[in-house]
Amino acid sequence: MTSISRMQKALAAVCLFAAPLAAHAQNLMGVSVMEPGDTNVSRTIKLGLNKSTVIELERPVADVVITNPEIADAVVQTAQRLIFRGIEVGETNAFLFDRNGAPLLNLEIIVDADMASLSKLISRYVPDARVQAESVGGNIILTGEVDSLSQSDQVIRLVKAYSGRDDFEPVNMMSIAAKDQVMLEVRIVEMQRNVVKQLGINLSGTTNFGDLANLVEKQLFTDDGSGNLVDAETTTLAPGLPFSNNGSFSSANGYNVAGSSLGGFSGGVGYTNYVGSDFQSSAGAAIDALERVGIVRTLAEPNISAISGESAKFLAGGEFPVPVGQDNNGRITIEFKPYGVGLGFTPVVLSEGRISLKVSTEVSELTNQGAFQGQSVAGVDDQGNVITAQTLTIPALSVRRAESTVELPSGGSMMLAGLIQSRSRQTIDQLPGLKKLPILGALFQSRDFLNEETELVVIITPYLVDPTAKKNLRTPADGFANASDLQTIFFGKLNAVYGKNGKGLSQDNYNAPVGFIEE
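Residues numbered from 1 in each chain as written. Predicted model: local features only at pLDDT ≥ 70, side-chain atom pairs only at ≥ 80, totals over all residues. Heavy atoms only, no water.

The name given to the protein in an unreviewed UniProt entry is Pilus assembly protein CpaC, with the source organism recorded as Henriciella pelagia. Its UniProt record, at the heading Sequence similarities (unreviewed entry), says of the protein: "Belongs to the bacterial secretin family." (UniProt positions renumbered as here; feature names shortened; annotations may be inferred.)

Draft legend 1. Representation of the confidence of the model for the protein. Confidence along the protein averages 75 in pLDDT terms, with 78% of residues attaining 70 or more. Here residues 1–28 is modelled with pLDDT under 50, and outside its nearest four sequence neighbours on either side it reaches 3 contacts, counting other chains as well. Considering only residues more than four positions removed or in separate chains, one finds that residues 514–519, a stretch of pLDDT under 50, has 11 contacts. (pLDDT = per-residue confidence, 0-100. Contact = heavy atoms within 4.5 Å.)

Draft legend 2. Geometry of the sheet that holds strand E6 (residues 90–97). Spatial ordering of the open sheet is given by E1-E7-E6-E3, a layout of 4 strands whose pairing is mixed. Two strands close off the open sheet at either side, each with one partner strand: strand E1 (42–48) and strand E3 (63–66). With direction set aside, neighbouring strand axes in the sheet form an average angle of 20 degrees. (Pairing = 2+ DSSP bridges. Helix = DSSP H or I, 4+ residues; strand = E, 2+ residues; numbered from the N terminus. Axes fitted to C-alpha atoms, helices over the stretch in contact; angles between N-to-C directions.)

Draft legend 3. View of the packing of helix H2 (residues 116–125) against helix H3 (residues 149–163). Remark: H2 packs on H3, axes separated minimally by 10 Å, with the N-to-C direction vectors making an angle of 140 degrees. For the element pair H2 / H3, the angle class is oblique. Regarding H2 and H3, the two cross each other, and that crossing is right-handed. Facing Ser117, Leu118, Leu121, Ile122 and Tyr125 of H2, the residues of H3 in contact are Val155, Leu158, Val159 and Tyr162. Its residues assigned to classes, the contact of H2 with H3 comprises 8 nonpolar, 1 polar and no charged. (Parallel < 35°, antiparallel > 145°, perpendicular 65-115°, else oblique. Left-handed = near helix turned anticlockwise from the far one by under 90°. Nonpolar A, V, L, I, M, F, W, Y, C, P; charged D, E, K, R; others polar.)

Draft legend 4. Spotlight on the pattern of salt bridges. Following the criterion strictly, the structure yields 11 salt bridges and no others. Note that Glu169 is salt-bridged to Lys160, the shortest N-O span being 3.1 Å. A relative accessible area of 52% means that Glu169 is categorised as exposed. Arg187 is the partner of Glu301 in a salt bridge, and the nearest nitrogen-oxygen pair spans 2.6 Å. With Glu301 in the loop between strand E16 (278–300) and strand E17 (303–307) and Arg187 in strand E11 (residues 181–209), this pair connects stretches of sequence that are 114 residues apart. Here the salt bridges do not stand alone but share partners, grouping Glu190, Glu365 and Arg400 into one network. (Salt bridge = Lys/Arg side-chain N within 4 Å of Asp/Glu carboxyl O. Buried < 20%, exposed > 50% of the residue type's maximum accessible area, 1.4 Å probe, protein only.)

Draft legend 5. Summary view of the nonpolar core. Counting 25 residues, the largest nonpolar core has Leu184, Ile188, Phe345, Leu357, Val458 and Ile460 as its most contacted members. For this core, the elements supplying multiple residues, two or more each, are E11, E17, strand E19 (332–351), strand E20 (354–372), strand E23 (394–408), strand E24 (414–430) and strand E25 (445–464). Apart from the residues within four sequence positions on either side, Val458 is in contact with Val186, Arg187, Ile188, Thr361, Met414, Met415 and Leu416. Listed in part, the 17 residues of the second largest apolar core include Leu82, Phe84, Ala94 and Leu105. (Core = buried A, V, L, I, M, F, W, Y, C linked by side-chain atoms within 4.5 Å.)

Draft legend 6. Spatial organisation of the environment of Asn40. Relative to the assigned elements, Asn40 resides in the loop between helix H1 (3–27) and E1. Through-space distance from the C-alpha of Asn40 to that of Pro103 is 9.8 Å; in sequence the pair is 63 residues apart.

Draft legend 7. Structural detail: the sheet that holds strand E4 (residues 72–78). Strand order in the open sheet formed by 3 strands is E2-E5-E4, with antiparallel pairing between adjacent strands. Each edge of the open sheet carries a strand with a single partner, namely strand E2 (52–56) and E4. Across the sheet, the mean angle from the axis of one strand to that of its neighbour is 25 degrees, orientation sign disregarded. Summarising the sheet, E4 and strand E5 (residues 81–86) pair through 6 bridges and their orientation is antiparallel. The residue of E5 that forms the bridge with Ala74 is Phe84.

Draft legend 8. The environment of Phe336, seen in detail. With respect to the helices and strands, Phe336 occurs in strand E19. Distance from Phe336 to Gly318, taken between C-alpha atoms, is 9.2 Å for residues 18 residues apart in sequence. Not counting chain neighbours up to four residues away, the residues in contact with Phe336 comprise Glu319, Phe320 and Pro321.

Next up, the structure:
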């Protein structure tokens, strides 16, 4: 490389370094820079997609420069009239100059979907909604206020229909004027009535007979004249011991519905016959009679709150184990299944006076009917050892369940009723042939009768509620005070009566109903 070439490269580097300094010096010497939107002739316009706007100028335009003609373009109709059209969603700017090169207009152009037609659509179909729709970057932002959640849902569905896409999701910034917290007051009442009737008659008898006995040789005796019996030196053939043969009968009619006699009245009649000192025959009858009536009352009054659109659940009961698997060593894996009085609901506040409720309620209890009975199972583990695994008895569930979707005002009530179940079972055990005897046929049969009736009623009342101050809330422990030793020993009290600050109730602080358990 020659020294001349090195000198040329050095001069070029110095020129490149000095060029920005010279430009900066030139700017400082009066060169103006037109920043976008930062001049006295700057304007901002918003074009709807595939929409146009007309701009009228006071002076003729000589030159139009558009930064990105793929977003917006311009048509010069006359020297003082231009038409700008939005092509694609986005932002660009345009500069307009006169014949002398002086700037006439600096336009900041925003091209987005036109919301005018959408606003008219919302005003037409949801006239009470105070909503503004704005398009930003291809998305639609919804602001304002609606009266209820249903109005908000209607506006969103209109926006989706306007966009023409099923998967389009607008930015929802609307607020709902109605309260959105719902407290559900539920009263669950179930009545069960059981009737059991049992009447059983069982007969039994035994008879001994000897007419068909074999003849045996017996010694004859005669009177010697003085009243004494002496050997007559002769024998004769005569029947053996009396009643050497016997026969017996009995009836055992069962109770197939209940499984066994449940108690009640039990009695028996019979007779016994003797010939001389020898037992000949007997007959007897055992009678069992029962009529049982039972009533079961189940009551639950849960109060539970949830925000509009969210679910809430309540369960008053318990859980029982259910085996779901077993390994080679006989270890059983269990899961717990719930039972009792359950409630689930999802509220949706439609307006200040309308609440949509999806309610499901259930009353279940453990029962032996339909239960799975396990057995002992022998097997071999992975090491060849013989093991015996005890399987479990899994109880069944008796379930009454209701599910519905209703619409109620705040404070209005609805009843889910008609959940009536009636079941009766009856068996009669009879002796064949004898059962057809008039009147007497009842002596040769047993009857087992069971009737079960169940009715479930659910009363639902929703309320629109607001939070309250802590001082306005009460618990069952408020005002509780332990009884003194003297009160417990002489009066049998476990606790003092509920009242304010543990001082008990008086005519000044009593306000019925108290609402808590009193001893």
